[in-house]
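# Observations on the three-dimensional arrangement
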Amino acid sequence: MKFSTKSIKIGVEESDPSFGSVVPPIYPSSTFRFPSAEEGAARFAFKSPGMIYSRLANPTVQALEKRLTAMEGAEAALVTSSGMSAILTAILHFAKAGDHIVAHKSIYGGTFELLSKILPKFGIKTSFVDFTDPANVEKTIKKNTTILYFESPTNPLMEIVDIKTICYIAKKHNLLTLFDNTFANPPLQYPLKLGVDVVLYSLTKYINGHSDVIAGAIISSKKIIEDIFKRTLIFFGPTLSPFSAYLILRGMTTLNERMKKHCENALAVAKFLEKHPKIERVYYPGLKSHPHYKLAKKQMNGFGGVLSFEVKGGYEAGKKLVNSVKIINLAVSLGAVESLIEHPASMTHSELSAEERKKAGIKDGLIRLSVGLEDVDDIIQDLSQALDKV
Ligand SMILES: Cc1ncc(COP(=O)(O)O)c(C=O)c1O
């Protein structure tokens, strides 16, 4: 099956053997009857695939895991209650006290907080370096390094990291790669094919795509996913509700078409902004002026729907702009049908100190825009009238 077919078909039939429903049913049951004591014992011993209890598995949630696995071309997937719980579960599954992680300097603010402030309390330390120059990564690896953690395109500067090269370095040093693919999910980017060991998602973004669910996912080999499931996930309990799983399954049916349109609209908006006299700089990997344009073209099948830009006049000018938009929503998050605009220094990246933001290249006047699926002429017109007010 091709991508669009998988995103509509996979997970439906198995989740409703009784009535032939064309969409996966929602199973709210928290627990499931065993037909016999023997079958109950077999399920607890993981010898029978039947349901036990919804913290462990649930038919609607499992339908979503199957569809995600197919979409990624992977062996297995687990879904969680948020992107952050997927990231935390995966890191705590693999890392122990005394371990060292090397992470890209520019990652999602919540993940940065987790790695820089929370995990050191448990003896897991992280060094942040610029992964766009892979030599930095190799230099930072220590004897106790176990994990390389990164994203591409990065949030909010849309830098592109050479995934294949980073994975090559990881394999050379026997390290595990954890990669957050939230900004460019399939069909735009397939990290497992580029050598990544574990792919992480905030499903809250493009994969659900409609700003009505918080969810996450961990995708990898069957062996790794079974291990995370049996030894960590079921005891941490970051369970996704079957109602949310249903909404994501529904959102995914249009993923291919949505991603195409997000890319098309974002490129048009980026070109408009690049020519505007009040704009200092635009960060979008689909622009030929972007320093990583060629790499993005090589490792991605489209440049994504998020871009960022600096308005001349810094913070005050940026604030005036986001206060003046009418169609675009002044709100955090990304990957939704609605266009969302935000100010990283005071919002998504406010956990970082001014020094940390400077190191990550996030200027005070930087604005991030997740370009939605409204008519692109209306999005551009909205930005144009807002820029007139700056
Ligand atoms: C790249 C990235 N990863 C992870 C997360 C966290 O996801 P969630 O909000 O679903 O917990 C976000 C949230 O914005 C994100 O942008």
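Each assigned domain of the protein chain is listed with its residue range as follows: domain 1 (3–252) and domain 2 (255–388). Measuring from the centre of the C-alpha atoms in domain 1 to the corresponding centre in domain 2 gives 26 Å. Residue-level contacts link 31 residues of domain 1 with 35 residues of domain 2. A breakdown of the residues in the side of domain 1 that touches domain 2 according to their chemical character gives 16 nonpolar, 10 polar and five charged.

Taking 1.5 Å per residue, 13 residues should reach 18 Å; helix 15 (residues 376–388) reaches 18 Å between its end C-alpha atoms and fits that length. Taken together, the buried positions of helix 15 are Ile379, Leu383, Ala386 and Leu387. Down the axis of helix 15, the sector holding all buried residues measures 100°, keeping them to one side. Opposite its buried face, helix 15 presents the exposed residues Asp377, Ser384 and Asp388, each directed more than 90 degrees away. On its buried face, helix 15 sits against helix 11 (255–275) and helix 13 (314–324).

Within the secondary structure layout, Ala296 lies in helix 12 (residues 293–299). With 77 residues separating them along the chain, Ala296 and Leu373 place their C-alpha atoms 22 Å apart. Beyond its immediate stretch of four places on either side in the chain, Ala296 contacts Ile160, Pro285 and Phe303.

Before going further, it helps to examine the environment of Leu64. Of note, Leu64 is situated in helix 4 (residues 59–72). In this structure, the C-alpha to C-alpha distance between Leu64 and Pro24, residues 40 residues apart in sequence, is 9.0 Å. Look past the residues within four positions of Leu64 in its chain and what remains in contact with it is Gly11, Val79, Ala245, Ile248 and Leu249.

As a structural note, the neighbourhood of the ligand is formed by 15 residues, with Ser82, Gly83, Tyr108, Ser202 and Thr204 the closest of them. Of the residues contributing to the shell around the ligand, the split by class is four nonpolar, nine polar and two charged.

This part is about the sheet that holds strand 12 (residues 366–370). Read across the sheet, five strands follow the order 8-9-12-11-10 without closing on themselves; strand pairing throughout is mixed. On the outer flanks of this sheet lie strand 8 (279–283) and strand 10 (329–330), each paired with one strand and no other. The pairing of strand 9 (residues 306–311) with strand 12 spans five bridges and is classified as antiparallel. Each residue of the ladder has a partner; that of Leu307, found in strand 12, is Leu369.

Before going further, it helps to spend a moment on the nonpolar core. Among the nonpolar cores identified, the biggest contains 114 residues, and Val79, Ile218 and Leu307 are the most heavily contacted of them. Considering each element in turn, this core owes the most residues, eight residues, to helix 11. Each of domain 1 (3–252) and domain 2 (255–388) gives at least three residues to this core. Contact partners of Val79, with chain neighbours within four places excluded, come to Val61, Leu64, Glu65, Leu68, Leu203, Ala215, Gly216, Ala217, Leu240 and Ala245.

Moving on, we get to the packing of helix 5 (residues 83–94) against helix 9 (residues 222–236). It is the contact of helix 5 with helix 9, at a shortest axis distance of 10 Å, that shows an interaxial angle of 130°. When the interaxial angle is binned, helix 5 and helix 9 end up oblique. Judged by the twist between their axes, the crossing of helix 5 over helix 9 is right-handed. Taken together, the residues of helix 9 that come into contact with helix 5 (itself represented by Thr89, Ala90, Leu92 and His93) are Ile228, Arg231, Thr232, Leu233 and Phe236. Residue composition of the contact of helix 5 with helix 9, grouped by class: five nonpolar, three polar and one charged.

Each value, and the rule that gives it
Residues numbered from 1 in each chain as written. Predicted model: local features only at pLDDT ≥ 70, side-chain atom pairs only at ≥ 80, totals over all residues. Domains from an automatic or database assignment. Contact = placed C-beta atoms within 7 Å. Nonpolar A, V, L, I, M, F, W, Y, C, P; charged D, E, K, R; others polar. Helix = DSSP H or I, 4+ residues; strand = E, 2+ residues; numbered from the N terminus. Expected span 1.5 Å × (residues − 1). Buried ≥ 20, exposed ≤ 12 C-beta atoms within 10 Å, placed from the backbone. Arc of directions from axis to C-beta. Near = placed C-beta within 6 Å. Pairing = 2+ DSSP bridges. Core = buried A, V, L, I, M, F, W, Y, C linked by C-beta atoms within 7 Å. Axes fitted to C-alpha atoms, helices over the stretch in contact; angles between N-to-C directions. Parallel < 35°, antiparallel > 145°, perpendicular 65-115°, else oblique. Left-handed = near helix turned anticlockwise from the far one by under 90°.

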